[in-house]
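What follows is the residue order along each chain.
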Amino acid sequence: MSANDRVLINQMIEERRHARGVPLSFDAEFERFASEHALHGFGLSDEEIEAGVIGGADDGGIDGAYVFLGGRLLHEDSEILQPHAGAANVEHGTRLTLWLIQAKTSAGFSEVALDKAASTCKNLLDMEVDEATVNVLYADELLARFRLFRTALQRLLTRHPTVLIKFSYVTRGDASEVHPKVQAKAKLLASQFTDAFAISTGEVEFLGPGELWRRASTLPSYTLELPYRESITHGTSHLALVSLGEYLDFLSDESGAIKSHIFDWNVRDYQGNVEVNREIAAALRDPDAPEFWWLNNGITIVCSQATSVGKRLSLSDVQVVNGLQTSYTLHETLKDLYLSDPTDPVFDRLVQVRILVTVDQAARDSVIRATNRQTSVPVASLRATDDIQRQIESYFLEHDWFYDRRKNFYRNQGKTADRIVSIPLLAQSVMAMALGQPDHARARPSSLLKSDSDYRRVFSDKTELPVYLWLARAQRRVDEFLQSTSDPVSRSLHTNLRFHLAMLGAVDLVGRVFSKPENLNNAAREDAFPSDARLQSLWASLQEHFDAFQREKRAGPDKTAKSSDFVASLTDGLGYGILRRK
């Protein structure tokens, strides 16, 4: 580790702290920085990173916890976790990952941190753990993350998943000079993870300033090389036949994992073991099948520049906008064979790849829409390319705010995190404040826009653009208030009630409950929002009603926060009138 690495990391964290409306402590900012770069290859947004940070008291020696299925982050409302959901759409052997992070600003690595994590994991990886017993030991959000992992594992057992449990220990110490005793404890912890389940593997890594600096100073590569066998060129764009082996190389990073960031603009996630993907997999496995590119619609890539030299295309700003199912099925079906025998004849078979060169945003969106409308994609899945989404992005930009229509686009440009607003967060803000349903905003962080009807309610062309900006700013103001209040707010309470407090702020301005965004037109024009003193009063009342409702209904905090009855009781109890749902 260079002596300058620690200086540079400290400077980056200080800059991030002071870019926030309400600066976090150095330790809290370091936890978020550590989580972001421990999970460098997953391309998580700031909101997704924040949601996994534990921190504070009763964290069990774990500052961040994240669960991934096949490289994709799981949320509490992910389909696989629902009570009656099956795992039919999940490919056999898909990896379930629990990634744990401990972040300390200390100048070294200690045995104590590893011992504490080992004790926590021994308790919480137990599939029969009694949470009523351990909830006095651990924070609610930590229990929730392990519960998410255990539930996902139970749902997936019939699909024979593999399990990776990984622990990233991050400090400002030199990772190349870890004491032998600490290294020994790390090996024991990795063995504990491996022995936790018959299908699990454990890993422990040490990250110091040197490793953090290398990751922080390197964005995911969007300039990639694609070899081809034959091609037709028209203007600057190409139609190429690419061998399956070379396309698999194109898709995979150094570790063999798929480069998920090149699919950020695709309109839907991998659908798993659905019929069309089973047919693709069968064609790949059958040595007597016709040429693969005869049977498959192929891949569509958009990029900003394509240069061809000696049957190799160098592509800049690569995004696969159609062919995600083919790409993921190819990767899942052949990755192990490619590692063991890259000369197998299957890798000489061909796939058709269209490479369309354009820097024009509207043209690119037209390509995405046209190529995906040829398959059964719900209209809501195309939301990132809708006119209203581009209008919101444009309006935000005019006011120095950044609507992240393309995930992590503005973070990669170095924009201030506090002014970057994702589609899901804006949707939650609309649902909570403009439509009067903070319970839905809390309960459905990733599935809020799955139905066309919900999407049309949230993103209506009848809602004025200033209202969308007001909602984003209002939610940020509420979050900053909760971070800066003199009486520290626990993360679980913040998560459960942030949208309820935002709703109360909007209702307090209007003077009554409402469920139509136009009621906020005046507030948006005047940039009005309750003062911090008024927010403090509303917050105190909200907590009082929250506690009372739990006692009366004998319900837990999560269930209460997701209850429409609680919202009605809250607004009626505060004299705003009961919100009637249509």
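See the structure printed just above.
Throughout what follows, the structure given in this document is the object of discussion. (Residues numbered from 1 in each chain as written. Predicted model: local features only at pLDDT ≥ 70, side-chain atom pairs only at ≥ 80, totals over all residues. Heavy atoms only, no water.)

Quick word on the overall build of the protein chain
And then number 1: Helix and strand counts for the protein chain stand at 23 helices and 15 strands.
And then number 2: Based on the C-alpha atoms only, the size of the protein chain along its principal axes is roughly 70 × 60 × 50 Å.
And then number 3: Residue burial in the protein chain is summarised as follows: out of 582 residues, 52% are buried.
And then number 4: In the structure as shown, the protein chain presents an accessible area of about 26000 Å², 49% of it carried by carbon and sulfur atoms.
And then number 5: Side-chain charges of the protein chain comprise 66 positive and 79 negative groups, with the mean position of each set lying 3 Å from the other. (Helix = DSSP H or I, 4+ residues; strand = E, 2+ residues; numbered from the N terminus. Buried < 20%, exposed > 50% of the residue type's maximum accessible area, 1.4 Å probe, protein only. Areas by Shrake-Rupley, 256 points an atom, 1.4 Å probe, with all protein chains shown as cover. Lys, Arg positive; Asp, Glu negative; His and termini not counted. Charge placed at Lys NZ, Arg CZ, Asp CG, Glu CD.)

Structural notes on the sheet that holds strand β5 (residues 200–207)
And then number 1: Read across the open sheet, the five strands follow the order β2-β1-β3-β4-β5; overall the sheet is mixed. Where the open sheet ends on each side, the last strands, each with one partner, are β2 (72–73) and β5.
And then number 2: Here eight bridges tie strand β4 (residues 162–170) to β5, and the two strands are oriented parallel to one another. Counterpart to Ser168 in the pairing with β5 is Glu205. (Pairing = 2+ DSSP bridges.)

A short note on unusual backbone geometry
For residues other than glycine, phi is negative in most cases, and the peptide bonds are mostly trans.
And then number 1: One non-glycine residue, Asp58, lies in the positive phi region at around 60 degrees.
And then number 2: Here Asp58 shows up in the loop between α3 (46–52) and β1 (64–69).
And then number 3: Judged by its relative accessible area of 43%, Asp58 is partly exposed.
And then number 4: Positive phi values are uncommon outside glycine, yet Lys311 reaches one of about 60 degrees.
And then number 5: The topology assignment puts Lys311 in the loop between β10 (305–308) and β11 (312–316).
And then number 6: You can call Lys311 partly exposed: its relative accessible area is 42%.

Focus: helix α2 (residues 26–38)
And then number 1: With 13 residues, α2 should reach 18 Å at 1.5 Å per residue; the first-to-last C-alpha distance of 18 Å fits that figure.
And then number 2: Of all 13 residues making up α2, 12 are buried, and the element is well covered by its neighbours.
And then number 3: Taken residue by residue, α2 has Phe26, Ala28, Glu29, Phe30, Glu31, Arg32, Phe33, Ala34, Ser35, Glu36, His37 and Ala38 as its buried positions. (Expected span 1.5 Å × (residues − 1).)

Observations regarding the pairing of strand β9 (residues 299–303)
Two faces make up the sheet, and in a regular strand the side chains alternate between them.
And then number 1: The buried fraction of β9 is high, at five of five residues.
And then number 2: Where burial is concerned, the two faces of β9 agree: the one with Ile299, Ile301 and Cys303 and the one with Thr300 and Val302 are both buried.
And then number 3: The sheet contact formed by β9 and strand β13 (residues 350–357) spans five bridges and is parallel. Among the inter-strand pairings, Val302 is bridged to a residue of β13, identified as Leu356.
And then number 4: Sheet analysis places β9 next to strand β12 (residues 319–322), joined by three bridges and oriented antiparallel. Among the inter-strand pairings, Ile301 is bridged to a residue of β12, identified as Val320.

Details of the pattern of salt bridges
And then number 1: Tallied over the full model, the rule gives 35 salt bridges.
And then number 2: For Glu205, the salt bridge is made with Lys166, and the minimal N-O distance between the two is 3.9 Å. With a gap of 39 residues between them, Glu205 in strand β5 and Lys166 in strand β4 connect regions that are remote in the sequence.
And then number 3: Residue Glu205 is classed as buried on the basis of its relative accessible area of 15%.
And then number 4: Judged by relative accessible area, Lys166 falls into the buried class, the value being 13%.
And then number 5: The closest approach of N and O atoms between Glu464 and Arg525, which form a salt bridge, is 4.0 Å. Of the two residues, Glu464 sits in the loop between α17 (452–458) and α18 (465–484) while Arg525 sits in helix α20 (residues 521–526), which places them 61 residues apart along the sequence.
And then number 6: Salt bridges sharing common partners tie together Arg16, Arg20, Glu29, Glu36 and Asp418. (Salt bridge = Lys/Arg side-chain N within 4 Å of Asp/Glu carboxyl O.)

Some remarks on the environment of Ala434
And then number 1: Residue placement: Ala434 occurs in helix α15 (residues 423–434).
And then number 2: Under the relative-accessibility criterion, Ala434 is labelled buried at 0%.
And then number 3: Residues Ala434 and Thr463, 29 residues apart in the sequence, show an inter-C-alpha distance of 9.7 Å.
And then number 4: Residues in contact with Ala434, not counting those within four places in the same chain, are Ser429, Leu471, Phe514, Ser515, Lys516, Pro517 and Leu520. (Contact = heavy atoms within 4.5 Å.)

Considerations on the packing of α2 against helix α8 (residues 209–216)
And then number 1: Between α2 and α8, the least distance of the axes is 10 Å, while the angle of their chain directions is 65 degrees. One finds that α2 runs roughly perpendicular with respect to α8. The handedness of the crossing between α2 and α8 is left-handed. Where α2 approaches α8, its residues Phe30, Phe33, His37 and Ala38 are matched on the opposing element by Leu212, Arg215 and Ala216.
And then number 2: Counted by class, the contact of α2 with α8 contains five nonpolar, one polar and one charged residues. (Axes fitted to C-alpha atoms, helices over the stretch in contact; angles between N-to-C directions. Parallel < 35°, antiparallel > 145°, perpendicular 65-115°, else oblique. Left-handed = near helix turned anticlockwise from the far one by under 90°. Nonpolar A, V, L, I, M, F, W, Y, C, P; charged D, E, K, R; others polar.)

Some remarks on the nonpolar core
And then number 1: Counting 59 residues, the largest nonpolar core has Phe396, Leu426, Phe459, Trp470 and Leu501 as its most contacted members.
And then number 2: For this core, the secondary-structure elements that each account for two or more residues are α14 (387–398), α15, α17, α18, α19 (491–510), α20, α21 (532–553) and α23 (564–573). (Core = buried A, V, L, I, M, F, W, Y, C linked by side-chain atoms within 4.5 Å.)

Comments concerning the sheet that holds β12
The pairing of strands in a sheet comes from backbone hydrogen bonds and takes either a parallel or an antiparallel form.
And then number 1: Pairing within the open sheet is mixed, and its five strands lie in the order β7-β8-β13-β9-β12. Unpaired on one side and paired on the other, β7 (230–234) and β12 mark the two borders of the sheet. For this sheet, the mean inter-axis angle between neighbouring strands, taken without regard to orientation, is 25 degrees.
And then number 2: Strand direction decides the pairing type here: strand β8 (residues 237–243) and β13, joined by six bridges, are antiparallel. Within β13, the position partnered with Ala240 by the bridge is Val353.
And then number 3: In the packing of helix α9 (residues 244–251) onto the sheet, contacts are made with β8, β9, β12 and β13, and the angle to β8 comes to roughly 110 degrees.

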